[in-house]
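A structural walkthrough
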Amino acid sequence: MAEPAFWARFALSVLATWRVTHLLASEDGPADIIVRFRWLLGRTIFGALMDCFNCLSLWIAALAALFVSRRPLEWLFCWLALSGGACLLEPLGREPVVIQPMSQPTEGDNNDVLRSETFGAAEQPDAGDNSHRPAIRTQL
């Protein structure tokens, strides 16, 4: 097999494996056909397979690897590599996580304080006095 043709088929197969696996595991499909199919499978082993992207990508990649190579040993490595490539692409298909900065408190704003009362130096319990702490019970 010519080297450029192999890599072109491999790249196309990685993208196809990701697309089909993502469609089956994470999307509703046209006219909700994939959702209905997942519902039909229910709690069977095939239904559980449809919920796991990584698991499903192995089976989709097994078929896609036939497009890349038909020699047994080469097919085996292509199969695993295609599934791995699809798993690497999967996080790119998710919604990005956006972290919002916290607003800075204005002067005199005490909303970030856990307690409203404070102990003065004379009112603070000493280190050996545990009367202010709730009792903790443990079962043996």
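Whatever comes next refers back to the structure up there.
The structure displayed is predicted, hence computed values, not measured ones. (Residues numbered from 1 in each chain as written. Predicted model: local features only at pLDDT ≥ 70, side-chain atom pairs only at ≥ 80, totals over all residues. Heavy atoms only, no water.)

1. Some words on the overall build of the chain
Here is the rule we go by: Strands here mean DSSP runs of E at least two residues long; helices mean DSSP runs of H or I at least four residues long; both are numbered from the N terminus. Burial classes follow relative accessibility: with a 1.4 Å probe on protein chains only, a residue under 20% of its type's maximum area counts as buried, one over 50% as exposed, and anything between as partly exposed. It only takes one pair of heavy atoms within 4.5 Å for two residues to be counted as in contact. Every accessible area reported is derived by Shrake-Rupley at a probe size of 1.4 Å, with residue values counting cover from the shown protein chains alone.
Each helix and strand counted, the chain has 5 helices and 0 strands in total. Start at the N end of the chain and walk to the C end: the helices and strands fall as α-α-α-α-α. Here the chain holds 140 residues, and 23% of them are scored as buried. Across the chain, every contact between residues at least 6 apart in sequence was considered, and the portion connecting residues at least 24 apart equals 57%. Accessible surface, the chain: about 11500 Å² in total, of which carbon and sulfur atoms supply 63%.

2. Let's talk about helix H1 (residues 3-26)
The condition is simple: To estimate the expected span of a helix, subtract one from its residue number and multiply by 1.5 Å.
Taking 1.5 Å per residue, 24 residues should reach 34 Å; H1 reaches 34 Å between its end C-alpha atoms and fits that length. In this structure, the buried side of H1 is in contact with helix H2 (33-41), helix H3 (45-51), helix H4 (53-68) and helix H5 (72-89).

3. Quick word on the packing of aromatic side chains
Spelled out, the test is: Whether two aromatic rings pair depends on their centres lying within 6.5 Å, for rings of Phe, Tyr and Trp, where Trp uses its six-membered ring; planes under 30 degrees apart make the pair stacked, over 60 edge-to-face, and the rest tilted. Here, over-ring charges are defined by two tests on the NZ atom of lysine or the CZ atom of arginine: distance to the ring centre within 6 Å, and angle to the ring normal within 35 degrees.
In this structure the tally under the stated criterion is 4 aromatic pairs. Between Phe6 and Trp7, the ring centres sit 5.0 Å apart and the planes meet at 85°, which makes this aromatic pair edge-to-face. Looking at Phe6, the relative accessible area reads 14%, which means it is buried. Under the relative-accessibility criterion, Trp7 is labelled partly exposed at 47%. By the ring-pair criterion, three or more aromatic residues cluster together here, those being Phe6, Trp7 and Phe10. Taking NZ or CZ as reference, Arg9 lies 4.9 Å from the ring centre of Phe67, over its face.

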